[in-house]
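Structure assessment
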Amino acid sequence: QVQLVESGGGLVQAGDSLRLSCAASTRPLGMGWFRQAPGKERELVADINWSGRRRYYADSVKGRFNISRDSAKNTVYLQMDFLKPEDTAIYYCAASLHYDRAYVYWGQGTQVTVSS
């Protein structure tokens, strides 16, 4: 079992930055950030394996978002720059423990709202 605690959401204006954090109760195999906007399906925004050698970004966030991890703290971060109104969503942290990218552990979600 992995418990995930997220923080860092909020209300910002277009062009602003936010950093999301997600602390895991144990070392994961990999972690990712998903988001779900009203009326849309949940989508993978970015993920990273714990070695840090693999990072993935959705096309919509490439060049604006950066995912990183602090191995000592079992924490993953999502630095979000140049935010756009279309980034508005609930952001969920997820962790895989046994199989790469098999995200079965989820955080509670944090709201990110970007006003124009």
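Bear in mind that the values here come from a model prediction, so they are computed numbers and not experimental data.

Observations concerning the sheet that holds strand 8 (residues 75-80)
- Judged by pairing direction, the sheet is antiparallel, and its four strands sit side by side in the order 1-3-8-7 without closing on themselves. Across the chains shown, the open sheet's two edge strands, defined by having one partner strand only, are strand 1 (4-7) and strand 7 (65-70). Strand-to-strand twist of the sheet, defined as the mean angle between neighbouring strand axes without regard to direction, takes the value 15°.
- As judged from the six bridges shared by strand 7 and strand 8, these two strands associate in the antiparallel manner. Bridge pairing links Asn66 to Gln79 in strand 8.

Considerations on the pairing of strand 5 (residues 43-49)
- Within strand 5, five of the seven residues are buried, leaving the element largely enclosed by the surrounding structure.
- In this sheet, strand 5 lies alongside strand 4 (residues 30-36) in antiparallel orientation, the contact comprising six bridges. What sits directly across from Phe34, in strand 5, is Leu44.
- From the end of strand 4 to the start of strand 5, which pair antiparallel, there are six residues, and Gly39 there has a positive phi angle of about 80°.
- Where strand 5 lies against strand 6 (residues 55-57), three bridges are found, and the strand directions are antiparallel. Residue pairing across strands places Ala46 opposite Tyr57, the latter belonging to strand 6.
- Linking strand 5 to strand 6, which pair antiparallel, is a turn of five residues; within it Gly52 sits at a positive phi near 85°.

Quick notes on the side chain of Asp47
- Note on placement: Asp47 falls in strand 5.
- A distance of 3.1 Å separates a polar atom in the side chain of Asp47 from a polar atom in the side chain of Arg54.
- For Asp47, the side chain forms a polar contact with the side chain of Tyr103, separated by 2.7 Å.
- Among all residues touching Asp47, those that are not within four sequence positions of it are Met31, Gly32, Arg54, Arg55, Tyr56, Ile67, Arg101 and Tyr103.

Considering the side chain of Arg35
- Considering the arrangement of structural elements, one finds Arg35 in strand 4.
- Judged by its relative accessible area of 6%, Arg35 falls in the buried class.
- Of note is the side chain of Arg35, whose polar atom sits 2.7 Å from the side chain of Glu43.

Digging into the packing of aromatic side chains
- Across all of its chains, the model carries two aromatic pairs by this definition.
- Measuring from centroid to centroid gives 5.7 Å for Phe34 and Tyr103, while their planes differ by 80°, and the two rings are edge-to-face. Remark: Tyr103 occurs in the loop between strand 9 (89-96) and strand 10 (105-106) and Phe34 occurs in strand 4; sequence separation between them is 69 residues. The burial state of Phe34 is the same as that of Tyr103; both residues are buried.
- By the ring-pair criterion, three or more aromatic residues cluster together here, those being Phe34, Tyr103 and Trp106.
- Over the aromatic face of Trp106 sits the side chain of Arg42, whose NZ or CZ is 4.8 Å from the ring centroid.

Definitions and limits used
Residues numbered from 1 in each chain as written. Predicted model: local features only at pLDDT ≥ 70, side-chain atom pairs only at ≥ 80, totals over all residues. Heavy atoms only, no water. Pairing = 2+ DSSP bridges. Helix = DSSP H or I, 4+ residues; strand = E, 2+ residues; numbered from the N terminus. Axes fitted to C-alpha atoms, helices over the stretch in contact; angles between N-to-C directions. Buried < 20%, exposed > 50% of the residue type's maximum accessible area, 1.4 Å probe, protein only. Polar contact = N/O pair within 3.5 Å; in protein donor to acceptor, adjacent residues only side chain to side chain. Contact = heavy atoms within 4.5 Å. Phe/Tyr/Trp six-rings, centres within 6.5 Å; stacked < 30°, edge-to-face > 60°. Lys NZ or Arg CZ within 6 Å of the ring centre and 35° of its normal.

Don't take any of this as a statement about function, it's just geometry.
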